[in-house]
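Structure at a glance
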Amino acid sequence: MLFERLCGNRHPSPTEGVLGYHYAPSHTRAGWLSEMKSSIRQKLDLLVDRLDEIDRMLSAPSTAGDMDQFRKLSRERAEIEPVILQFNAFRQAENDLAEAEAMRDDPEMRDFAEEEIAAAKARLPELETELQKLLLPKDPNDERGVLLEIRAGTGGDESALFAGDLFRMYSRYAERQRWQVEVMSASESELGGYREIICRIGGNGAYSRLKFESGGHRVQRVPETETQGRIHTSACTVAIMPEVDEVEDVNLNPADLRIDTFRASGAGGQHINKTDSAVRITHLPTGIVAECQDGRSQHANKASAMKVLAARIKDVQVRAQQAHISSTRKSLIGSGDRSERIRTYNFPQGRITDHRINLTLYKIAAIMDGDMDELLGALAAEHQADLLAELAEQN
């Protein structure tokens, strides 16, 4: 897409700006937009033209009949429009400043002109900062839905119960966002939690909000089965993977897949244990496995397992890319490694602590009920501050 070619879905090199040009040293310029190179303005003008082109394409009957194309164009438009709106506001402020400076020579208009100049000069840095944020490297997966995996870890039954609590927390948050939650695979524990659960959370921007949730989640509380009132520590791992629009987005060679069928086990209806409806797919080159047995037919389970497999393979690719990007500078948010402990839920003290950003909130009941905006917003803000700091180092 044009926006990706101009702004890039890659991170800039240590001396390269987000739009593919080299920044001048900060001591030689008043502001990177105030003295914007003509080449950068031309690229932004191209984005203006591209937005018009997308609008024309979206209104064309041929696009309406091609949902894949419609989805891609809509996603590109949503990415470009905020940049254009901010660029237009910046240009308007520049025009206001130029007009006010032209009025300076008129004695009758001088006082008014000085007020307008002061207002425009105060407005330009704010607009410049906002445009700078919009031009930071974009995560191409931000607007996608996600596949959420929660696995019980150390702690036995208590860990499985905590996995159930985490699933409820994310489900409640998704409900607040009016996102769709679809359980794709679940292995329940005897006490009602989950040894493992995989679900799809479908909603625009779900990945951008939840992508920092991958990692180890630790809980400290008195288990229901504890008779002496002692606090136990258990853990679960969470993985957030961007949803793949189509399995074809990931190159899956049928020759690289081994598909096994077996009889499902657990709750699920009369068909359980009577037909080989459960499906396990193994990607032979990587050893990545996905299985599903919750569907009512082998066909449905195979389709679900293929989605999970494609998402897991894409996740490996994304993590490899992130590792390459952060090889010289680690993100403050962390690597997202599932073995990395990112958060502690301390029920006796009513607090949740995110260790990556040293944030502690004393609202554990609300957060476990899906009120995650403050927590997720702090993580997103820290990530943006990290990117801006990296950009400042380049200047």
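Residues numbered from 1 in each chain as written. Predicted model: local features only at pLDDT ≥ 70, side-chain atom pairs only at ≥ 80, totals over all residues. Heavy atoms only, no water.

1. Structural notes on the overall build of the protein chain
Selection criterion: To qualify as a helix, a DSSP run of H or I must reach at least 4 residues; to qualify as a strand, a run of E must reach at least 2; elements of each kind are numbered from the N terminus. In this description, contact between two residues means that some pair of their heavy atoms is separated by no more than 4.5 Å. All accessible areas in this document rest on Shrake-Rupley with a 1.4 Å probe, and a residue is counted as covered only by the protein chains that are shown.
Helix and strand counts for the protein chain stand at ten helices and eleven strands. Within the protein chain, contacts between residues separated by at least 24 positions form 62% of all contacts whose residues are at least 6 apart in sequence. Counting only carbon and sulfur atoms, one obtains 48% of the accessible surface of the protein chain, whose full area is about 20,200 Å².

2. Observations concerning the environment of Tyr170
We apply this condition: A simple rule labels every residue: compare its accessible area, found with a 1.4 Å probe on the protein chains alone, to the largest value its type can have, and call it buried under 20%, exposed over 50%, or partly exposed in between.
Here Tyr170 shows up in helix H6 (residues 156-176). Given a relative accessible area of 1%, Tyr170 falls into the buried group. For Tyr170 and Asp369, which are 199 residues apart along the polypeptide, the C-alpha to C-alpha distance reads 8.5 Å. Those residues in contact with Tyr170 that sit more than four places away from it in its chain are Leu148, Ile150, Leu210, Glu213, His217, Val238, Arg343 and Met372.

3. Details of the confidence of the model for the protein chain
Selection rule: Scored from 0 to 100, pLDDT reflects the predictor's confidence in each residue.
Summing up the model confidence of the protein chain, the mean pLDDT is 80 and the portion of residues at 70 or higher is 80%. A low-confidence stretch, residues 1-6 (pLDDT under 50), is modelled with 19 contacts involving residues beyond four sequence positions or located in other chains. Under a pLDDT of 50 for its full length, residues 267-272 has, in the predicted model, nine contacts with residues more than four places off or in other chains.

4. A few points about the nonpolar core
Which entries qualify depends on this criterion: Grouping buried Ala, Val, Leu, Ile, Met, Phe, Trp, Tyr and Cys residues that are joined through side-chain atoms within 4.5 Å yields what is termed a nonpolar core.
By size, the foremost hydrophobic cluster in this structure holds 37 residues, and its most contacted members are Ile150, Leu166, Tyr170, Ile201, Leu210 and Tyr345. Among the secondary structure elements, those contributing two or more residues to this core are strand S1 (146-152), H6, strand S3 (194-202), helix H7 (206-210), strand S5 (232-242), helix H9 (364-368) and helix H10 (373-394). In terms of residue count, H6 provides more of this core than any other element does, eight residues in total. In terms of nonpolar packing, the next biggest core, distinct from the first, is built from 20 residues, Met241, Val250, Cys292 and Met306 among them.

5. A short note on the sheet that holds strand S10 (residues 351-354)
Strand pairing within a sheet occurs via backbone hydrogen bonds; the two strands may be parallel or antiparallel. Rule in force here: Two strands make a pair as long as DSSP finds a minimum of two bridges between them. Where helices are involved, their axes are fitted lines through C-alpha atoms of the stretch in contact, as for all axes, and angles between N-to-C directions lie from 0 to 180°.
Strand order in this open sheet of eight strands is S2-S3-S1-S5-S4-S9-S10-S11, and the pairing throughout is mixed. The sheet is open, and its two borders are formed by strand S2 (180-188) and strand S11 (359-361), each paired with just one other strand. Between one strand axis and the next, the sheet turns by 15 degrees as a mean value, whatever way the strands run. Pairing of S1 with S5, which is carried by seven bridges, proceeds in the antiparallel orientation. Bridge pairing in S5 places Leu147 opposite Met241. Lying over the sheet, H6 contacts S1, S2, S3, strand S4 (215-221), S5 and strand S9 (341-346), oriented at roughly 110 degrees with respect to S4.

6. Observations regarding the sheet that holds strand S7 (residues 278-283)
Pairing in this open sheet of three strands is antiparallel, and the strands run S6-S7-S8 from one edge to the other. Pairing within the sheet leaves two strands with one partner each, and these edge strands are strand S6 (257-262) and strand S8 (288-292). Mean inter-strand twist for the sheet, computed between neighbouring axes without regard to direction, equals 15 degrees. Across six bridges, S6 lies against S7 in antiparallel orientation. Across the sheet, Ile259 pairs through a bridge with Ile281, a residue of S7.

7. Quick look at the pairing of S9
When you tally the buried positions in S9, you get five out of six residues, the bulk of the element. In this sheet, S10 lies alongside S9 in antiparallel orientation, the contact comprising four bridges. From the neighbouring strand, Arg343 faces S10, where its bridge partner is Asp354.

8. Details of the pairing of S10
Burial of the side chains of S10 extends over both faces: Arg351 and Thr353 are buried on one face and Ile352 and Asp354 on the other. Pairing of S10 with S11 involves three bridges; the strand directions are antiparallel. Looking across to S11, one finds that Ile352 is bridged to Leu361. Linkage of S10 to S11, two consecutive antiparallel strands, is achieved through a turn of four residues, within which Asn358 is found at a positive phi near 55 degrees.

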